[in-house]
Amino acid sequence: MKQKTFFTMALIALSMGYLSAQTPQDSLEIKQAALDYIESQHQVKPEQFERSAHPRMVKRTFWTDKFAKKEYLRETFTDAMVLLAETYNQNGDKFPENPKKEVVILDVFDKTASVKLIADDWIDYMHIVKLNGKWQIVNVLWQFKDSSLH
């Protein structure tokens, strides 16, 4: 009986240590990084995107070469995303009046997080890292909800 109690207490102590790796403040900052990513495009604010992404962020998706009819991996980097945030929605006509932007934190461990962003027409899976006290996006894998658009 004593051994069973000891193991139960040890498991509780271990799980408490694991859970403490994610603070409520971390959750808020992780979510804000994902929101800054998408809202920078909605609101035409490149500085908001720069706040959310690490300078070496890479965004990837699968794409189809229309002539060869073959899929390939398409990559975009931070500099192109800053330019997109600056230009894409300048006329205010690229998104609905109240765009969807649901952030789901899938996992957090210490200084790394996996996040799912559900937007109007696409899904983004993000890896976010905490460097020098700041959560920043380092990887994005996305696709349109209708994959035939790729």
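See above for the structure.
Okay, so let's go over this structure.

### Here's the deal with the pairing of strand 1 (residues 53-65)
- Direction of pairing for strand 1 relative to strand 6 (residues 134-144): parallel, over a ladder of four bridges. Each residue of the ladder has a partner; that of arginine 60, found in strand 6, is leucine 141.
- As paired elements, strand 1 and strand 2 (residues 70-77) share eight bridges and run antiparallel to each other. Residue pairing in the sheet places threonine 64 in a bridge with glutamate 71 of strand 2.
- Linkage of strand 1 to strand 2, two consecutive antiparallel strands, is achieved through a turn of four residues, within which lysine 69 is found at a positive phi near 60°.

### Details of unusual backbone geometry
- For valine 44, which is not glycine, the phi dihedral falls at a positive 55°.
- Look at valine 44 and you get partly exposed, because its relative accessible area is 26%.
- Phi at asparagine 132 is positive, roughly 50°, even though this residue is not glycine.
- Residue placement: asparagine 132 occurs in the loop between strand 5 (122-131) and strand 6.

Quick notes on the rules
- Residues numbered from 1 in each chain as written.
- Predicted model: local features only at pLDDT ≥ 70, side-chain atom pairs only at ≥ 80, totals over all residues.
- Heavy atoms only, no water.
- Pairing = 2+ DSSP bridges.
- Helix = DSSP H or I, 4+ residues; strand = E, 2+ residues; numbered from the N terminus.
- Buried < 20%, exposed > 50% of the residue type's maximum accessible area, 1.4 Å probe, protein only.

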